[in-house]
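Each chain is listed here by its residues.
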Amino acid sequence: MLSYIRRHLGLKLFFSYLVVIVMGVAVLASTAEMVVPAAFQQNMAAMLPMMSSMMGGSPQALNQSLYTNFQAAVSEALSMAAAAATVTAVIASLLISRQVVAPVQAMMAASWHIAEGHYEERVRVAGNIPNQEQDELGRLALSFNQMADRLEHIESMRRQLIGDVTHELRTPLTTIKGSMEGLMDGVLPTNAETYSQIYREADRLQRLVNDLQELSRVEAGAYDLHLQTTSVKALVDSTIVRLGSQFLEKGVSISTQISLDLPSIKVDEDRIGQVLLNLVGNALQYTPSGGSVQISATGGPTQVQIAIADTGVGIPPEHLPHVFTRFYRVDKSRSRTGGGSGIGLTIAKHLVEAHGGSIWVESPGVGKGSSFIFTLPIGDKIV
């Protein structure tokens, strides 16, 4: 019986209210039992001589008779009051318990539906009441709905990721398979060009798999930051050295504008170097021959701001909020054969935020270039 009650919040609330009523009735009866005799004796003492002379009886017998009748009347009144209070308490306890338990039961049912994969499930919150004025159960319902929203969003992202990965893997695999079938059927010539095409697709597939592995580690935070004090200029110079030949080959100029009084930053050089490579490489990819890319850096009281601006194809305003989403394409018809895996910007965003900074993109519009800007805390300001 006790174990059954422990498993049901409504019964526990009901019996708790009932115990309070029973204790109140017990205290009332005990108090009356102790107080009534003395009060009766005190108030009847002055009246007994006059009443006995009028009724012709002895004061002791009259007093005992009056007290017996009075005690019976008080006991009867207390019994009727206790019965009425008990009935009222039972009804009130049932109603109040139901009001308290119903939202909890609704959340329990919704949680079961969510656990089964129905992420659109929500619980009803009392309307016309501001969030800050909700009671504990109302705030719990709001928190539950927020959790459900987050789970639904994560599930949507998971499904989208599976679809994106499937699409990205299908293209190189289809090309490799088609080329191999052509070689086996004798349709394609067995020369260096054919083998080179197969190798490029296999290399592209390997890069995509490596980037996906890196993205999973970055999003899960499954890596350590080896922080060292360094200068922004050293990081920028290293990036230019690594990408300089590609800029020359494409005919795109690159320049820097770094403040002389720029403070040092405490970062993981490899990780921030990876951010710069992704952003500068992205700028090179979308800047046509004859264009330019500029890397600038300015300092503030608590942070350093680094910007990579290009004179490339630009980004329409409606696409700016989605640029850092994995696999997102501004031009849906654009092929990735000449570019990266489509998740470099996503990785860059997570790495910058892991250092306590922020990253965003600005663009005046199509054909007007774009600027990728990120901030990093200076010195020991990193969080």
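First, a word on what this report is: a plain description of the structure on this page. Everything quoted here is computed from the prediction, not taken from an experiment.

1. Here we look at the packing of aromatic side chains
Logical step 1: By the definition in use, this model includes 1 aromatic pair.
Logical step 2: Geometrically, the ring pair formed by Phe324 and Phe372 is edge-to-face, given 6.0 Å between the ring centres and 85 degrees between the ring planes. Of the two residues, Phe324 is situated in the loop between β5 (303-310) and α9 (344-354) and Phe372 in strand β7 (residues 370-377); the sequence distance between them amounts to 48 residues.

2. A look at the side chain of Asp310
Logical step 1: Structurally, Asp310 is set in strand β5.
Logical step 2: Buried Asp310, no salt bridge; nearest opposite-charge side chain is Lys250, N-O distance 9.8 Å.
Logical step 3: Side-chain polar atoms of Asp310 contact the backbone nitrogen of Gly312, separated by 2.9 Å.
Logical step 4: Look past the residues within four positions of Asp310 in its chain and what remains in contact with it is Ala283, Thr287, Ser292, Val293, Gly369 and Ser370.

3. So, the side chain of Asn282
Logical step 1: Structurally, the position occupied by Asn282 is in helix α8 (residues 269-285).
Logical step 2: Beyond its immediate stretch of four places on either side in the chain, Asn282 contacts Leu345 and Phe372.

4. Brief notes about the sheet that holds β5
Logical step 1: Spatially, 5 strands are ordered β2-β4-β5-β7-β6 in an open sheet, and the strand pairing comes out mixed. Two strands close off the open sheet at either side, each with one partner strand: β2 (253-258) and β6 (359-362). The average undirected angle you get between the axes of adjacent strands in this sheet is 15 degrees.
Logical step 2: Across 7 bridges, the pairing between strand β4 (residues 292-299) and β5 is antiparallel. Following the sheet pairing, Ala297 is matched in β5 by Ile306.

5. So, the pattern of salt bridges
Logical step 1: Under the criterion given, the structure shown has 6 salt bridges.
Logical step 2: Two residues, Arg159 and Glu155, come together in a salt bridge whose shortest N-O distance is 3.0 Å. Separated by 4 residues within a single helix, Arg159 and Glu155 lie in helix α5 (residues 136-185), roughly one turn from each other.
Logical step 3: Taking the shortest distance from any N to any O, the salt bridge between Glu353 and Lys349 comes out at 2.8 Å. Placement of both Glu353 and Lys349 in helix α9 is noted, with a separation of 4 residues, approximately one turn of the helix.
Logical step 4: Shared partners join several salt bridges into a network, and the residues in it are Arg122, Asp149 and Glu152.

6. Points about the pairing of β7
A regular strand places its side chains so that they alternate between the two faces of the sheet.
Logical step 1: Judged by how many residues are buried, β7 sits mostly within the fold: 7 of 8 residues are covered.
Logical step 2: Bridging between β5 and β7 involves 8 bridges; their strand directions are antiparallel. If you follow Ile308 over to β7, its bridge partner there is Phe372.
Logical step 3: Summarising the sheet, β6 and β7 pair through 4 bridges and their orientation is antiparallel. Of the residues in β7, the one forming a bridge with Glu362 is Ser371.

7. Here we look at the nonpolar core
Logical step 1: Of all hydrophobic cores here, the largest spans 45 residues; its most connected members are Val232, Val275, Leu279, Ile306, Ile308, Phe372 and Phe374.
Logical step 2: The element that contributes the greatest number of residues to this core is α8, accounting for 7 residues.
Logical step 3: Ignoring anything within four residues of it in the chain, the contact list for Leu279 reads Ile308, Leu345, Ile359, Phe372 and Phe374.

8. Here's the deal with the packing of α8 against α9
Logical step 1: Relative to each other, α8 and α9 sit at 145 degrees, their axes nearing to 9 Å. Of the two possible hands of crossing, α8 and α9 adopt the one that is left-handed. Two secondary-structure elements touch here, α8 through Arg271, Gln274, Val275, Asn278, Leu279 and Asn282 and α9 through Gly344, Leu345, Ile347, Ala348, Leu351 and Val352.
Logical step 2: Its residues assigned to classes, the contact of α8 with α9 shows 7 nonpolar, 4 polar and 1 charged.

9. Some points on the packing of helix α7 (residues 232-250) against α8
Logical step 1: In contact at an axis separation of 9 Å, α7 and α8 are set at 25 degrees when each is read in the N-to-C sense. With respect to their mutual orientation, α7 and α8 come out roughly parallel. Crossing handedness for the pair α7 and α8: right-handed. Contacts from Leu235, Val236, Thr239, Arg242, Leu243, Gln246, Phe247 and Lys250 of α7 reach α8 at Glu269, Ile272, Gly273, Leu276, Leu277, Val280, Gly281, Leu284 and Gln285.
Logical step 2: Residues that form the contact of α7 with α8 fall into these classes: 9 nonpolar, 5 polar and 3 charged.

10. Some points on helix α6 (residues 192-220)
Each turn of an α-helix holds 3.6 residues, which means side chains three or four residues apart point in the same direction.
Logical step 1: With 29 residues, α6 ought to run about 42 Å at 1.5 Å a step, and its terminal C-alpha atoms sit 42 Å apart, in line with that.
Logical step 2: Within the span of α6, buried status applies to Thr194, Ile198, Glu201, Arg204, Leu205, Leu208, Leu212, Glu214, Leu215 and Val218.
Logical step 3: Positive backbone phi, approximately 70 degrees, marks Gly221, located one or two places after α6.

11. Description of the environment of Phe372
Logical step 1: Given a relative accessible area of 2%, Phe372 falls into the buried group.
Logical step 2: As for Phe372 and Ile359, which are separated by 13 residues in sequence, their C-alpha atoms are 7.4 Å apart.

12. So, the pairing of β4
Logical step 1: Pairing geometry for β2 and β4, over 6 bridges, is parallel. Counterpart to Ser253 in the pairing with β4 is Ser292.

13. A closer look at the environment of Tyr119
Logical step 1: In this fold, Tyr119 is placed in the loop between α4 (59-115) and α5.
Logical step 2: When the C-alpha positions of Tyr119 and Met147 are compared, they lie 9.9 Å apart, and in sequence the two are 28 residues distant.
Logical step 3: Excluding residues within four positions of it along the chain, Tyr119 makes contact with Ile114, Ala148, Leu151, Glu152 and Glu155.

Calculation rules
- Sequence order as written defines the numbering, with residues in each chain counted from 1.
- For a predicted model such as this one, the threshold for reporting local features is a pLDDT of at least 70, and the threshold for listing and counting side-chain atom pairs is 80 or more; totals across whole chains, interfaces and linings nevertheless cover every residue.
- Note that the side-chain values use all heavy atoms of the structure and ignore hydrogens as well as water.
- Planes of paired rings set the category: under 30 degrees apart is stacked, over 60 is edge-to-face and the rest tilted, where pairs are Phe, Tyr or Trp rings (Trp by its six-membered ring) whose centres lie within 6.5 Å.
- In DSSP terms, a helix is any run of H or I states spanning at least four residues, a strand is any run of E spanning at least two, and both are numbered starting from the N terminus.
- Only protein chains enter the accessibility calculation, which uses a 1.4 Å probe; a residue whose area is less than 20% of its type maximum is buried, one above 50% is exposed, and one in between is partly exposed.
- Neither His nor the chain termini are counted; the positive set is Lys and Arg, and the negative set is Asp and Glu.
- Within this document, salt bridges are pairs made up of a side-chain nitrogen of Lys or Arg and a carboxyl oxygen of Asp or Glu, the two lying within 4 Å of each other.
- Under the rule applied, a polar contact is a pair of N or O atoms within 3.5 Å (in protein, one hydrogen donor and one hydrogen acceptor; residues adjacent in sequence only if both atoms are side-chain atoms).
- Any pair of residues with heavy atoms lying within 4.5 Å of one another is described as a contacting pair.
- Strands were regarded as paired on the criterion that DSSP finds at least two bridges between them.
- What counts as an axis is a line fitted to C-alpha atoms, over the stretch in contact for a helix, and the angles between N-to-C directions run from 0 to 180 degrees.
- Among the buried residues, those of types Ala, Val, Leu, Ile, Met, Phe, Trp, Tyr and Cys that are joined through side-chain atoms within 4.5 Å form a nonpolar core.
- For a crossing to be left-handed, the near helix must be turned anticlockwise from the far one by less than a right angle; the clockwise case is right-handed.
- Gly falls in the polar group here, along with every residue not listed as nonpolar (Ala, Val, Leu, Ile, Met, Phe, Trp, Tyr, Cys, Pro) or charged (Asp, Glu, Lys, Arg).
- Relative orientations are named as follows: roughly parallel for angles under 35 degrees, roughly antiparallel for angles over 145 degrees, roughly perpendicular for angles from 65 to 115 degrees, and oblique for any other angle.
- Here, expected helix span is obtained from the residue count minus one, scaled by 1.5 Å.

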